[in-house]
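Remarks on the overall topology
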Amino acid sequence: MNLEKLNPEKKLKIIFMGTPDFAVPVLKALDDNYKVSCVITQPDRMVGRKQEMVHPPVKVEADKRVILTLQPEKIKDVVEEVKHINPDLIVTCAYGQIVPKEILDIPRLGCINVHASLLPKLRGGAPIHRAIMDGHSKTGITIMYMNEKMDDGDIISQVETPILDTDTASSLHDKLSVLGAKLLIETLPSIINGTNSRTKQNRDEVTFAFTIKREDERIDFSKTKRDIHNQIRGLNSWPGAYCLYEGKILKVWNSYITDNYFPAMFDGQITNIYDNGFGVKVSNGEIVFTEVQLEGKNKMSAKEFLNGVNKEEFIGRVLD
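Here goes a summary of the coordinates provided. (Residues numbered from 1 in each chain as written. Predicted model: local features only at pLDDT ≥ 70, side-chain atom pairs only at ≥ 80, totals over all residues. Heavy atoms only, no water.)

Here we look at the sheet that holds strand β7 (residues 111-115)
Taken in spatial order, the 7 strands line up as β5-β2-β1-β6-β7-β8-β9 in an open sheet, and their pairing is mixed. Edge positions in the sheet fall to β5 (68-70) and β9 (155-162), since each has one partner strand and no second. Taking each pair of neighbouring strands and ignoring which way they run, the sheet shows an average axis angle of 20°. (Pairing = 2+ DSSP bridges. Helix = DSSP H or I, 4+ residues; strand = E, 2+ residues; numbered from the N terminus. Axes fitted to C-alpha atoms, helices over the stretch in contact; angles between N-to-C directions.)

See below:
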C-alpha cells in the first residue's frame, strides 16, 4: 500500500496501543503498510515460578522494528507525550486499559479499536474465552471507533468466523488475531479518506465478556456435558478448567461428550476407562477427559495419567 498516494499532504503519524500476543499480528500489519510512530503497551511484569521480568509481546515486536515504545503504569501518565507526537490516528488492540477522553480527542482521524467479537455482543476483556464458554456458533472481529465507555463506540467494519466444535480459546485466538490484522488493513483506507461507514451499536443486543475469574475455572459436575465441554475448550490454553482429585487440583485441557447415561451414579463420579481417556458422570450424561494435568505435574494424556492409578479402584471415585 502506497502511503503517499493515500495521504499526499503528509505522512501519517500512527500510535499503536496493545499488549498481548493477540495484538502482535495487528502491529505487524500496521507497521508493514504504514509507519507506526509510537507503541504504547503495558509495563514489564514478573511472571512464572522464578518471577522473571518479561516484556509484553507487543514491546518485543516493537523493539524488533525499532519503534519508540512507552510503557506507562497508567495511560493518563503519557498524555503530554501523545500530544507531542500529535498522531493522525490511534489504533488499539487488547491494550488493557480504558483510554481517557483527553487522549481520544487528540488524533484528527480518531481512535479505533480492533476487538475480538461481533459487537455489541461480548464487550469486555475475555471475548474469545466467553464466546466458546457461552456456546456461540460464530464470532469475529469488529473495527470500531472508541469512546470513553468499554467497547461502546460506533462500528466501522466486521468480519465473521464460525466456532468449530474442535476450537479451543487458543486456536480461536490465533484465527481471530490474523483476521483482525487483515480487516484493519482493509478498513484503514476508508477511514483515511473519510468514506468509512459508522453504525451505532444496538443497545438491546449488548452482552459482556467479563475477565475470567477463579470461580469460572472450577468445573461444576451438576451442569450439562455441553456446558462443561465448552468450559474446558474455552479455558484452553489459559487458565484451564479444573476439579479436585484426592484433594489436589486436576486441570482438564481436552474432552469430548458421549451419549452414555448413568442415572444411578453421582455427578462427578468416574464412570469408565476408555482407550483415550476416562469418563465422568454429569447432570445429563457423560464427559470424557482426554488430557489432564495433576497439581505439580506437566500436562499429559489421560492414558498417561491412568498409568499412575489403580484402575479398578479409580472407577467409581468422585471428583470434586
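Quick look at the side chain of Gln-293
As for its position among the elements, Gln-293 is in strand β14 (residues 285-294). Looking at Gln-293, its side chain comes within polar contact range of the side chain of Trp-253, at 3.0 Å. Here the side chain of Gln-293 touches Lys-297 through a polar contact of 2.9 Å, landing on its backbone oxygen. Residues within four places of Gln-293 in sequence aside, it is in contact with Ile-249, Leu-250, Lys-251, Trp-253, Asn-298 and Lys-299. (Polar contact = N/O pair within 3.5 Å; in protein donor to acceptor, adjacent residues only side chain to side chain. Contact = heavy atoms within 4.5 Å.)

What to know about the nonpolar core
Grouped together as the largest cluster of nonpolar side chains are 43 residues, with contacts concentrated most on Phe-16, Leu-30, Val-91, Ile-112, Leu-184 and Leu-188. With 10 residues, helix α7 (residues 169-193) is the largest single contributor of residues to this core. Among all residues touching Ile-112, those that are not within four sequence positions of it are Leu-89, Ile-90, Val-91, Thr-92, Ile-143, Met-144, Tyr-145, Met-146, Ile-156, Leu-184, Leu-188 and Ile-191. (Core = buried A, V, L, I, M, F, W, Y, C linked by side-chain atoms within 4.5 Å. Buried < 20%, exposed > 50% of the residue type's maximum accessible area, 1.4 Å probe, protein only.)

Some points on the layout of surface pockets
Volume-wise, the largest pocket comes out at about 1600 Å³. Taken together, 46 residues make up the lining of the largest pocket; nearest its centre are Thr-19, Pro-20, Ala-94, Gly-96 and Gly-125. When residues of the lining of the largest pocket are traced back to their parent elements, those giving at least two are β3 (45-47), β6 (89-93), β7, α6 (127-133) and α7. The dominant element in the lining of the largest pocket, judged by the number of residues it contributes, is α7, at 4 residues. Taken together, the residues of the lining of the largest pocket break down into 23 nonpolar, 17 polar and 6 charged. (1 Å grid on protein atoms, 1.4 Å probe; cavity = no way out; pocket = protein on both sides within 12 Å on 5 of 7 lines; lining within 4 Å. Points joined across faces, edges and corners; volume = space filled by probe spheres on them. Nonpolar A, V, L, I, M, F, W, Y, C, P; charged D, E, K, R; others polar.)

Focus on the pattern of salt bridges
Taken as a whole and judged by the stated rule, the model has 21 salt bridges. One connected set of salt bridges, linked through shared partners, spans Asp-31, Asp-32, Glu-61 and Arg-65. (Salt bridge = Lys/Arg side-chain N within 4 Å of Asp/Glu carboxyl O.)

Description of the environment of Lys-13
Residue position: Lys-13 is located in the loop between α1 (3-6) and β1 (14-18). Linking Lys-13 and Ser-237, residues 224 residues apart in sequence, is a C-alpha distance of 36 Å. In this structure the side chain of Lys-13 is engaged in a polar contact, spanning 3.5 Å, whose partner is the backbone oxygen of Ile-85.

Looking at the packing of helix α2 (residues 24-33) against helix α3 (residues 57-64)
Running from N to C, α2 and α3 cross one another at 25°; their axes reach a closest spacing of 9 Å. Our classification of the angle between α2 and α3 gives roughly parallel. Relative to α3, the crossing made by α2 is right-handed. Across from Val-24, Leu-27 and Lys-28 in α2, the residues of α3 making contact are Pro-57, Val-58, Glu-61 and Ala-62. Class assignment for the residues of the contact of α2 with α3 results in 5 nonpolar, no polar and 2 charged. (Parallel < 35°, antiparallel > 145°, perpendicular 65-115°, else oblique. Left-handed = near helix turned anticlockwise from the far one by under 90°.)

Points about the pairing of strand β11 (residues 248-257)
Bridge count between strand β10 (residues 241-245) and β11: 5 bridges; the pairing is antiparallel. From the neighbouring strand, Tyr-242 faces β11, where its bridge partner is Lys-251. In the sheet, β11 pairs with β14 via 7 bridges, with the strands oriented antiparallel. Note on β14: the bridge partner recorded for Asn-254 is Glu-291.

What to know about helix α9 (residues 225-234)
The buried fraction of α9 is high, at 8 of 10 residues. Every buried residue of α9 is accounted for by Lys-225, Ile-228, His-229, Asn-230, Gln-231, Ile-232, Arg-233 and Gly-234.

Let's talk about unusual backbone geometry
Of note, the bond from Leu-119 into Pro-120 is cis; its omega dihedral lies within 30 degrees of zero at 15°. Inspection of the secondary structure assignment puts Pro-120 in the loop between β7 and α6. The residue after Asn-236, namely Ser-237, is reached through a cis peptide bond having omega 25°. Within the secondary structure, Ser-237 sits in the loop between α9 and β10. The backbone of Leu-122 sits at a positive phi, close to 60°, despite the residue not being glycine. For Leu-122, a relative accessible area of 2% translates into the label buried.

Bear in mind that shape data such as this cannot, by itself, settle questions of function.
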